[in-house]
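Now for the letters of each chain:
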Amino acid sequence: MTDLGLIAERLDDAARERRPLGEPVTDADSGFDLRAAYEVQGMVVAKRLERGARVMGAKLGLTSAAKQRQMAVSEPLYGWLTTDMVVDPTAALDLDTFIHVRAEPEIGFLIGREIPAPATVPAVLAATDAVFAAIELIDSRYDGFRFRHPDVIADNASSAGVVLGPVARPPAEVGDLALLGAVLRKNGAVVHTAAGAAALGHPARAVAWLVDRLAERGQTLEPGATVLSGGLTDAIAMERGSVVGVEIDGLGAVEVRA
Ligand code: OOG
Ligand code: MG
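Treat the numbers as computed from the prediction; the structure is a model and nothing was measured.

Participant: Could you give an account of the sheet that holds strand E7 (residues 189–195), naming the residues involved and the relevant values?
Facilitator: Taken together, the four strands give an open sheet; going across it, the order is E7-E6-E10-E11, and neighbouring strands pair in antiparallel fashion. Strand pairing shows two members of the sheet lacking a second neighbour, E7 and strand E11 (252–257), which therefore form its edges. Along the sheet, successive strands turn relative to each other by an average axial angle of 15°, direction set aside. Judged from the six bridges that link them, strand E6 (residues 181–186) and E7 form a sheet pairing that is antiparallel. Directly across from Val183, in E7, lies its bridge partner Thr193.

Participant: Could you give an account of the environment of Gly165, with specific residues and numbers?
Facilitator: By secondary structure assignment, the location of Gly165 is in strand E5 (residues 159–169). For the pair Gly165 and Val254, spaced 89 residues apart in sequence, the C-alpha separation works out to 5.0 Å. Once you skip the residues sitting within four places of it in the chain, Gly165 turns out to touch Phe132, Ala133, Ala134 and Val254.

Participant: If you had to explain the pattern of salt bridges to someone new, which residues and values would you point to?
Facilitator: In this structure the tally under the stated criterion is 17 salt bridges. The shortest N-O distance in the salt bridge between Asp129 and Arg113 comes to 3.3 Å. Linking Asp129 in strand E4 (residues 128–138) with Arg113 in the loop between strand E3 (102–111) and helix H5 (121–127), this pair joins segments that are 16 residues apart in sequence. Between Glu247 and Arg185 there is a salt bridge, and its shortest N-O distance comes to 2.7 Å. Taken together, the positions of Glu247 in strand E10 (residues 243–248) and Arg185 in strand E6 put the pair 62 residues apart, joining distant regions of the chain. Through salt bridges with shared partners, a single network forms among Asp12, Asp13, Arg16 and Arg51.

Conventions adopted
- Numbering of residues starts from 1 in every chain and runs along the sequence as written.
- As a convention, the first chain written is A and the first ligand written is 1, with the rest following in written order.
- Under the rules for a predicted model, residues below a pLDDT of 70 receive no local features and side-chain atom pairs below 80 are neither given nor counted, while totals for whole chains, interfaces and linings still include all residues.
- Note that water and hydrogens are dropped before the side-chain values are worked out from all heavy atoms of the structure.
- A pair of strands counts as paired when DSSP detects no fewer than two bridges linking them.
- Elements are defined by DSSP. Helices are runs of H or I of four residues or more, strands are runs of E of two residues or more, and each kind is numbered from the N terminus.
- For helices, the fitted axis covers only the stretch in contact; all axes are lines through C-alpha atoms, and the angles between them, taken along N-to-C directions, range from 0 to 180 degrees.
- Only heavy atoms matter for contacts: two residues are in contact if any of them lie within 4.5 Å across the pair.
- Any Lys or Arg side-chain nitrogen located within 4 Å of an Asp or Glu carboxyl oxygen qualifies as a salt bridge.

Written out as C-alpha cells, the structure reads:
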C-alpha cells in the first residue's frame, strides 16, 4: 500500500516545480483505487489552501465522449477549483508557470442554493443563478498526460486554471443548455465544435452527477460555488503565441493567449 501523504506531496511538488512525475501511481500500485485517489486529492487541495487559496467551486472532468477518448479514460471524475486558479483574460499566460498546459471549452454554473441529492437536471437548473462560458486550463502533473482514472483524480483532475467568460445569464433565459452550440478556435481557425449535450447529455446532468458523488462522501456544493461541467471537445495544447477562443451560443466569447 502506497503512502497517500507521500503521493500528495509528490503531486504538489510537481505542480510547484513544473516537473511532471515520470509515471502514474497505478503503474507501481494497481491497488490505488478511487477511495484512495479522492483522499489524495483532498490532501493536494489542502496544500493549496495552506498557501492562502480558497475553494471557489468544483469541476467535472471526462464528461464528454471527446475527452474520454482523448485521455483514454472512460469515466467522469471531479476536482476542486481554488481562487488561485483564476486567470486574467486580458493578460498573456506565462507558459513557464505550467508544465504542458491545454485549453478546453466548458459551460460554467454559478450555484445559488444547495442542491439536494439525489440531484436531477431540473433541480440543478432551479438552484443555478447563472451559466457562463469558460475556458479551463488543464496541466497534468503526469508526464505526457499519461494516467489512469485514479491517478488523475489524485492530481485534482489536472486542474490548473480557469478563464471566466464575460456573460453570466440565468439558465431559463438561455434556453436548452443541451442544444447550445460551442465553437473552439485556435489562432483564428475552427478546430472543434460541439453542443452542450456533449457533457453527459446535458451540462446540468454533469452537475447532478457531481452533487450525488459529493453526497456519497457527506459533502455538498456551497451556495456561491462555481462549477465547470466538463470539456465539450478535445483539449488543445497552448504554445507560445497561441490564441484559443471559445464561443458559446447566448453566452458570448472567451479567449486566452500565451
Ligand atoms: C483530466 C481533466 C479533464 C475535462 O473537462 O474533461 C477535464 C485531463 O484531461 O487531464 O477537465
Ligand atoms: Mg475540464
